[in-house]
Every structure is written in C-alpha cells, then in structure tokens.
Amino acid sequence: MATVSNRKLAVVTGASSGIGYALAEQCVKNGFDVMICADSERLETARQRLETSGAQVYAVLEDLSTPEGVERLYQRIVDTGRHVDALLLNAGVGLGGAFLDTPLDRELRMIALNCGHTVHLAKRVLSDMVAMHSGRVLITGSIAGTAPTPFQAIYGATKAFVYSFGEALREELEGTGVTVTTLEDAQRGSGDAASQVAEDGFQAMLAGKASVFAGSFANGVKGALPEVVSEYAHETKPGASKR
Ligand SMILES: NC(=O)c1ccc[n+]([C@@H]2O[C@H](COP(=O)([O-])OP(=O)(O)OC[C@H]3O[C@@H](n4cnc5c(N)ncnc54)[C@H](OP(=O)(O)O)[C@@H]3O)[C@@H](O)[C@H]2O)c1
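Just so it is clear, the structure is predicted and the values come from calculations on it, not from any experiment.

S.K.: Describe helix α6 (residues 192-207), and please don't skip the residues or the numbers.
M.R.: Spanning 16 residues, α6 covers 22 Å between terminal C-alpha atoms, matching the ideal 22 Å at 1.5 Å per step. Those residues of α6 not exposed but buried are Ala193, Ala194, Val197, Ala198, Gly201, Phe202, Ala204 and Met205. Projection of α6 onto a plane perpendicular to its axis shows the buried side chains occupying an angular sector of 165°, all on one side. Those residues of α6 that are exposed and aimed more than 90 degrees away from the buried face are Asp192 and Ala207. Considering only its buried residues, α6 is in contact with α1 (18-29), β2 (32-38), β4 (86-89), β5 (135-140), β6 (178-185) and β7 (211-214). One or two positions beyond α6, positive phi appears at Gly208, with a value near 75°.

So this is what it looks like as structure tokens:
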C-alpha cells in the first residue's frame, strides 16, 4: 500500500518530455502529487526532476498504444488507493507525409495512442470521478484538429477526434462536478514554449474551462486558423514524428 498523502493526485500521460512533462511540472508546482506515464527511459529522468519539488511521483512505464498498457496504468492508479483529482490525457505522436506513402502500421499505432488511450483511460477514471462529484480532465488536442491537415491527414483526424470527444464529454458531465477541458496547442518545440502552453492549459483545466488556445503564438493567430493549419501541415516533412 502506498504512503498516504494529503495532496491531490494528478495522472499525466506522455509526461517524459515536452508538453506532458511541463504539465506534470505545473501539477507539482500547484501542490499535486503525480502519476506520470510514458514508454521510454526518459521517464526516469522526468521522475527524478519532478521529485525535487517534494511531491510524490509515481512513474509508470507502459506502452499506451495498447489496451493492455492502459489497463496496467489504470491498475497502478487503483493500487494507490487514491482519488484521481486531475487526469491529463496528453500522450500523442504525429506523422507527416502523403497518405499514400506513410506506413499503415505507424498510423494505426498513432490512432491507438492518440485516440485509443484517451478514450480507454477516460472510461476507467471518469466513473470514479463522477462518484466523488469531483475531478478535472485536460485533453491535449492540437490546432491541427480544427481543420483538415493535408500531409498529416491521420494526425489531424486524431486531434479532431479528441476535440469532439472532449466537447461531448464536457456536455454529458455537466452538473456532475467533473469538468473536461481541451488544450488546443499551436506551439512547436519544447522548453519555454511547452512551459507556457502547459501553464495556460493547466490553469484552464483548474478553472474548468471548455477549451484553451494556449501560448502566445496560438493566441495571436487563432483568427486566421485555416491558413495557419494549412501552412503547418505543408511544412511537415514526411516521416516527421512527435507532435
Ligand atoms: N509539439 C507540438 O507542436 C504540438 C502541437 C500540438 C499538439 N501537440 C500534442 O501535444 C502532446 C504532447 O506532444 P509533445 O509535442 O510534447 O511531444 P513529445 O515531447 O514527443 O511528447 C510525447 C509524449 O508521449 C509519450 N509517448 C509517445 N508514445 C507513447 C506510447 N506508445 N505510450 C506511452 N507514452 C507515449 C512520449 O514518451 P516516450 O517517448 O518517452 O514514450 C512523450 O512523453 C501530443 O498529444 C501532441 O499531439 C504537440
């Protein structure tokens, strides 16, 4: 049985790097313990860095593109005996290139991760949140989900899926004490950009907002969304991955 803590607990998927790591940082800075999940050795470094905050950090190494990996993560949550106060469904990958050229196996894995783990973990955790009349959910979408994205056709479609899913869930859960927020990020890169996106997303989640266009770049261009999305998609080189 894990040590009992009075702090709230947040679960962050894809927290070994980028936006997910920055979201986990926001969680610990704001008094949460965190369960972080990813599928590479980078997770251990993330765990060590987050633990310097004094928070309890549970690191779960799983491949969330498989239902078995998601179930094992959920079991780790159950094993803590703790209520999940915040669920941040962030793990995701991208793939650029002409649809006729891109490898089907990678696209199917991307769909399984970007869409599958989001639905699967939400299905498991949301019942517990609703039973407690309390919870915050943040789903990392993308500006690429707001309009068709040629040369990132499947990636854009996965992000349209999670946006639609998040909005629908939000409506269904109205009045339950559980809110769902979608993070629409148009930033690229990591470091400061990821930190700003994460801070905007985290604050919107705590406030229970529907969605947030995070980061100064996104805020500056959201009025011209279709052009930006089109340019973003065309710039993506075939084979480009993590987005
Ligand atoms: N960066 C952008 O420009 C951008 C823009 C819009 C939206 N987004 C979205 O933001 C989210 C995070 O992306 P990022 O840019 O921060 O990329 P990133 O740094 O590559 O982070 C992706 C995270 O997902 C994890 N992950 C990948 N495959 C996994 C798997 N099979 N099982 C478990 N975890 C897995 C990675 O961990 P390991 O590799 O250690 O497994 C990593 O922690 C994604 O949903 C992405 O679509 C990013």
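S.K.: I'd like a description of empty space enclosed by the protein, backed by residues and values.
M.R.: In this structure the tally under the stated criterion is one cavity of 30 Å³ or more. A volume near 40 Å³ is recorded for the largest cavity. If you trace the largest cavity, you find it lined by Leu95, Gly97, Phe99, Thr102, Glu107, Met110, Gln152, Ala153, Ile154 and Tyr155. Those elements giving two or more residues to the lining of the largest cavity turn out to be α4 (104-131) and α5 (153-172). The dominant element in the lining of the largest cavity, judged by the number of residues it contributes, is α5, at three residues. Partitioned by chemical class, the residues of the lining of the largest cavity number six nonpolar, three polar and one charged.

S.K.: So what's going on with the environment of Val197? Residues and values would help.
M.R.: Among the structural elements, Val197 can be located in helix α6. As for Val197 and Gly215, which are separated by 18 residues in sequence, their C-alpha atoms are 4.9 Å apart.

S.K.: Please give an account of the environment of Thr181 that cites residues and values.
M.R.: Note that Thr181 resides in strand β6. When the C-alpha atoms of Thr181 and Phe202 are compared, they prove to be 9.3 Å apart, with 21 residues separating the residues in sequence. When residues no more than four places from it in sequence are discounted, the contact partners of Thr181 are Val137, Leu138, Ile139, Ala204, Met205, Gly208, Lys209, Ala210 and Ser211.

S.K.: So what's going on with the sheet that holds β7? Residues and values would help.
M.R.: Here seven strands make up an open sheet; going across it, the order is β3-β2-β1-β4-β5-β6-β7 and the pairing parallel. Lying at the two open borders of the sheet, with one neighbouring strand each, are β3 (57-61) and β7. Between one strand axis and the next, the sheet turns through 15° on average, direction left out of account. Across five bridges, β2 lies against β3 in parallel orientation. What sits directly across from Ala38, in β3, is Leu61. Where α5 meets the sheet, its contacts fall on β5, β6 and β7, and the angle it forms with β6 comes to roughly 155°.

S.K.: How would you explain the pattern of salt bridges if you had to name every residue and give the values?
M.R.: This model, assessed by the stated rule, comprises six salt bridges. Close ionic contact of Asp33 with Arg7 constitutes a salt bridge, the shortest N to O distance being 2.9 Å. One end of the pair, Asp33, is in strand β2; the other, Arg7, is in the segment before β1 (8-13), with 26 residues separating them in the sequence. For Asp33, a relative accessible area of 1% gives the class buried. With relative accessibility at 29%, the residue Arg7 sits in the partly exposed group.

Definitions and limits used
- Residues numbered from 1 in each chain as written.
- Predicted model: local features only at pLDDT ≥ 70, side-chain atom pairs only at ≥ 80, totals over all residues.
- Heavy atoms only, no water.
- Helix = DSSP H or I, 4+ residues; strand = E, 2+ residues; numbered from the N terminus.
- Expected span 1.5 Å × (residues − 1).
- Buried < 20%, exposed > 50% of the residue type's maximum accessible area, 1.4 Å probe, protein only.
- Arc of directions from axis to C-beta.
- Contact = heavy atoms within 4.5 Å.
- 1 Å grid on protein atoms, 1.4 Å probe; cavity = no way out; pocket = protein on both sides within 12 Å on 5 of 7 lines; lining within 4 Å.
- Points joined across faces, edges and corners; volume = space filled by probe spheres on them.
- Nonpolar A, V, L, I, M, F, W, Y, C, P; charged D, E, K, R; others polar.
- Pairing = 2+ DSSP bridges.
- Axes fitted to C-alpha atoms, helices over the stretch in contact; angles between N-to-C directions.
- Salt bridge = Lys/Arg side-chain N within 4 Å of Asp/Glu carboxyl O.

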